[in-house]
Amino acid sequence: MSRGPGAGFIRDTATIAGRALRQIPREPTSVLPAVFVPAFFYAVNLGALGIIERTIAGYSFKAFLLPMAIAFAVTGMSRAPKLVTDIQGGYFDRLCMTPVRRLALLLGLMVADVAVIVALCLPVLAIGFGLGVRFTTGAAGVLAFIGFSALWGLTFTGFPYAVALRTGSPAAVSACYVIFFPLFFLSDAEVPKQFLTGWFSTIATYNPVTYLLNALRALIATGWQTRVLLEGVASLVGIGIVSMTLALLALNGRLNRGQ
Amino acid sequence: MQDDDGYPGSGSGPAVQVEGLVRHFGRTTALRGVDLQVKAGEMYGFLGPNGAGKSTLIRILCTLVHPSEGRAVVAGHDVVSEPQEVRARIGCALQEAALDDGQTGRELLALQGRLYGLRRREIRRRLDEVLDLVSIGDAIDRRIGTYSGGMKRRVDLAAALVHDPEVLFLDEPTTGLDPESRDRVWIEVTRLNRQLGKAIFLTTQYLEEADALADRVGIISQGRLVAEGTPRSLKRDVGRDVIEADVIGTDPTILERLTNLDGVDAASNEAGRLVVSTPDAAAALSPVAVELGHSGLSVKSLTIRTPSLDDVFRQMTGTPQEGPESLVGATR
């Protein structure tokens, strides 16, 4: 019975993802902040900066800020803290003693992350719809928006996984979320780029998050703008290459730690 | 049971073959050239104090750590060049029960089965079998976080067994368990070996455990295998009787005076108990008693016994009784 080389890559990945997803409803505190925090920022920014909407005729600040709220919801949403628990408790070693494909240990978690991220988009989108935000690109645009958001969330999961695998430290994983703040706030996340000046404007121009947000905004407000969407995809690919490389190197390092 | 590589499974051939195994961790050397063999269907006890290299060896054999030098073959496959083949054939329960508190016992075991490629029906059947073996009862559907230490150990053991492995590695399986839980694990491990014919590599720091369970025992000290054989042969090789005296009080020269007696090989003080090694305890008892009578010590009891694995361990490793607590308890 034990002669086989294991279950195969796809089944391994599905098994790891299934376990990760089973844990979500049992640990709602790991997900609920990802809904409340963006809703809070969305409300606060609408209240504080709503004057912008009144200064530009026909401008919807609610639509402008919705991508920021989504980004807050999905960025950094990962099972990396749970991975740290597995490493510290020895369960990661137990998994490594099975014939599980090594990449599936990481990819399975990321698959679960994408499922959670998609689920998180829905309440945030519902808040936006409730406030009157409408997609000029229609239902297809909403789906593209969710897909884009899911890819965004996925590309950013590489960083906390890299830290989790490298350090096995919950404190280090928590600390790594700090990198998201400058990425967000040194972009046009909260204020349209034409209002940015000086060094801030320069940084926002080179910040990939600016282009990710622009792509999402295009889907809501301005339609299927190929150039803007491609710039967003390019930003995702760029960030993804960096984060996934770091995560894979960290996985390799963790697996070869004793070698 | 023959597999693709011609390895005859648990029928013949060594379950574990280790040759010249060395493992460095930075400037520390955990293993210094270990050679050993575990036969198919054999229960091998690997004994040593904390830090002797037991866990390093078992982690190498379970493919978690590579050896720095030497070679290890498990179930006919090299742990470095064929780790997936090894993993598919072994079951491992490491020192700490490595479980996920958020899953139920059943979920964890089913997940384990899936990773070994078992189909749903096979998993159900194997779960029935291993759950019967480890006697976990209805608790299997509770989250593992609610389990006692003993229950976690048994689920850990079940996880090591769910895919019906050829070779089972148990790293200090009873450390930290209460006597009742320890007895249950002993019964389960014995049943696995005697009834199902599993080769079992068991590390322990409990001499009593190795004595009770193992067909053969290897003793490791400072990364070297210093003795190997059946518990009976090892005790016979020590070849000395022991006189033990429980005493109260202090006498700084008593050990020297006892050692100088005719027919006494050595004397040591182990946690308030004097242990005198002698080739003939009956002949040495009287002079030892007289010497103790002349000392300032109050003698509570004076007993003679044949050598235990404890004595073998002390002789081979030079580890005094005041080392691991378990080495004290094992002789009582």
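Summing up its helical and strand segments, chain A has 13 helices and zero strands in all. Reading chain A from its N end, one meets helices and strands in the order α-α-α-α-α-α-α-α-α-α-α-α-α. Its C-alpha radius of gyration of 20 Å places chain A within 12% of the 18 Å reference for a compact globule of 259 residues. In terms of overall dimensions, chain A has a C-alpha envelope of 70 × 35 × 35 Å along the principal axes. Taken across its 259 residues, chain A has 42% of its residues classed as buried. Sequence-distant contacts, at least 24 apart, represent 78% of the contacts inside chain A between residues at least 6 apart.

Moving on to the overall build of chain B. Regarding its fold elements, chain B presents 12 helices and 14 strands. Along the first, second and third principal axes, the C-alpha set of chain B runs to 75 × 45 × 40 Å. Expressed as a percentage of contacts within chain B between residues at least 6 apart in sequence, the contacts between residues at least 24 apart total 69%.

What follows covers the environment of Ser68(B). Residues and elements named next belong to chain B. Summarising the element assignment, Ser68 is placed in the loop between helix H1 (54-61) and strand E4 (69-74). Linking Ser68 and Val22, residues 46 residues apart in sequence, is a C-alpha distance of 5.4 Å. Apart from residues no more than four positions distant in its own chain, Ser68 is found in contact with Val22, Arg23 and His24.

Turning next to the confidence of the model for chain B. Residues and elements named next belong to chain B. Predicted confidence across chain B gives a mean pLDDT of 84, with 91% of residues reaching 70 or more. Throughout residues 1-11 the model reports pLDDT below 50, and contacts reaching past four residues in sequence, or to other chains, amount to 20 contacts. Under a pLDDT of 50 for its full length, residues 321-332 has, in the predicted model, 23 contacts with residues more than four places off or in other chains. In the predicted assembly, ipTM is 0.82 and pTM is 0.79.

Facing 32 residues of chain B, the contacting portion of chain A comprises 28 residues. Of all the elements, helix H3 (residues 105-115) of chain B adds the most residues to the side of chain B that touches chain A, at five residues. In the side of chain B that touches chain A, the residues fall into 13 nonpolar, eight polar and 11 charged.

Counting 155 residues, the largest nonpolar core has Leu61(B), Val74(B), Val155(B), Val167(B), Phe169(B), Ile200(B) and Phe201(B) as the members making the most contacts within it. It is helix H8 (residues 138-167) of chain A that contributes the most residues to this core, 14 residues altogether. If we ignore the near neighbours within four places in the chain, the residues touching Ile200(B) are Met43(B), Tyr44(B), Leu168(B), Leu170(B), Val189(B), Leu192(B) and Asn193(B). In terms of nonpolar packing, the next biggest core, distinct from the first, is built from 14 residues, Ala245(B), Ile254(B), Ala281(B) and Ala284(B) among them.

Looking now at the sheet that holds strand E11 (residues 241-248) of chain B. Sheet strands pair by backbone hydrogen bonding; their relative direction is either parallel or antiparallel. All names here are of chain B. The four strands are arranged E12-E13-E11-E14 in an open sheet whose pairing can be described as antiparallel. Both edges of this open sheet fall to strand E12 (266-270) and strand E14 (298-305), since each of them pairs with a single strand only. Looking at each pair of strands side by side, their axes are set apart by 20° on average, direction ignored. Examined bridge by bridge, E12 and strand E13 (residues 273-278) share five bridges and lie antiparallel to one another. The partner of Ser268 across the bridge, within E13, is Val275.

What follows covers the packing of helix H7 (residues 102-130) of chain A against H8(A). All names here are of chain A. With their axes 9 Å apart at the nearest point, H7 and H8 run at an angle of 135° to one another. With respect to H8, the element H7 is oriented oblique. As for how H7 packs across H8, the hand of that crossing is right-handed. Residues Leu106, Met110, Asp113, Val114, Ile117, Val118 and Cys121 of H7 pack against Ile146, Ser149, Ala150, Gly153, Leu154, Thr157 and Tyr161 of H8.

For the rest of this paragraph, the subject is the domain arrangement of chain B. As a measure of interface size, the accessible area lost when the parts come together is often cited. Partitioning chain B into structural domains gives domain 1 (9-234) and domain 2 (240-306). The C-alpha-based centres of domain 1 of chain B and domain 2 of chain B are spaced at 40 Å.

The next point concerns the packing of helix H4 (residues 120-134) of chain B against helix H5 (residues 149-161) of chain B. Residue and element names in this part refer to chain B. Contact geometry for H4 and H5: axes closest at 9 Å, N-to-C directions at 145°. Between H4 and H5 the crossing geometry is right-handed. Of H5, the residues touching H4 (which contributes Val130, Leu131, Leu133 and Val134) are Arg154, Val155, Leu157, Ala158 and Leu161. Grouping the amino acids of the contact of H4 with H5 by side-chain chemistry returns eight nonpolar, no polar and one charged.

What follows is about the pairing of strand E9 (residues 216-221) of chain B. Look at any regular strand and the pattern is simple: side chains alternate between the two faces of the sheet. Residues and elements named next belong to chain B. The element E9 is extensively covered by neighbouring structure, given that five of its six residues are classed as buried. With four bridges connecting them, strand E3 (residues 43-47) and E9 associate as parallel partners. Following the sheet pairing, Phe46 is matched in E9 by Gly218. Two strands pair when backbone bridges link them, and E9 and strand E10 (residues 224-229) are joined in this way by five bridges, in the antiparallel orientation. Bridge pairing links Val217 to Gly229 in E10. Hairpin geometry of E9 and E10 is characterised by an intervening segment of two residues between the two adjacent antiparallel strands and by a positive phi of about 50° at Gln222.

What counts and how
Residues numbered from 1 in each chain as written. Chains lettered and ligands numbered in written order. Predicted model: local features only at pLDDT ≥ 70, side-chain atom pairs only at ≥ 80, totals over all residues. Helix = DSSP H or I, 4+ residues; strand = E, 2+ residues; numbered from the N terminus. Rg over C-alpha atoms; globule rule 2.2 N^0.38 Å. Buried ≥ 20, exposed ≤ 12 C-beta atoms within 10 Å, placed from the backbone. Contact = placed C-beta atoms within 7 Å. pLDDT = per-residue confidence, 0-100. Nonpolar A, V, L, I, M, F, W, Y, C, P; charged D, E, K, R; others polar. Core = buried A, V, L, I, M, F, W, Y, C linked by C-beta atoms within 7 Å. Pairing = 2+ DSSP bridges. Axes fitted to C-alpha atoms, helices over the stretch in contact; angles between N-to-C directions. Parallel < 35°, antiparallel > 145°, perpendicular 65-115°, else oblique. Left-handed = near helix turned anticlockwise from the far one by under 90°. Domains from an automatic or database assignment.

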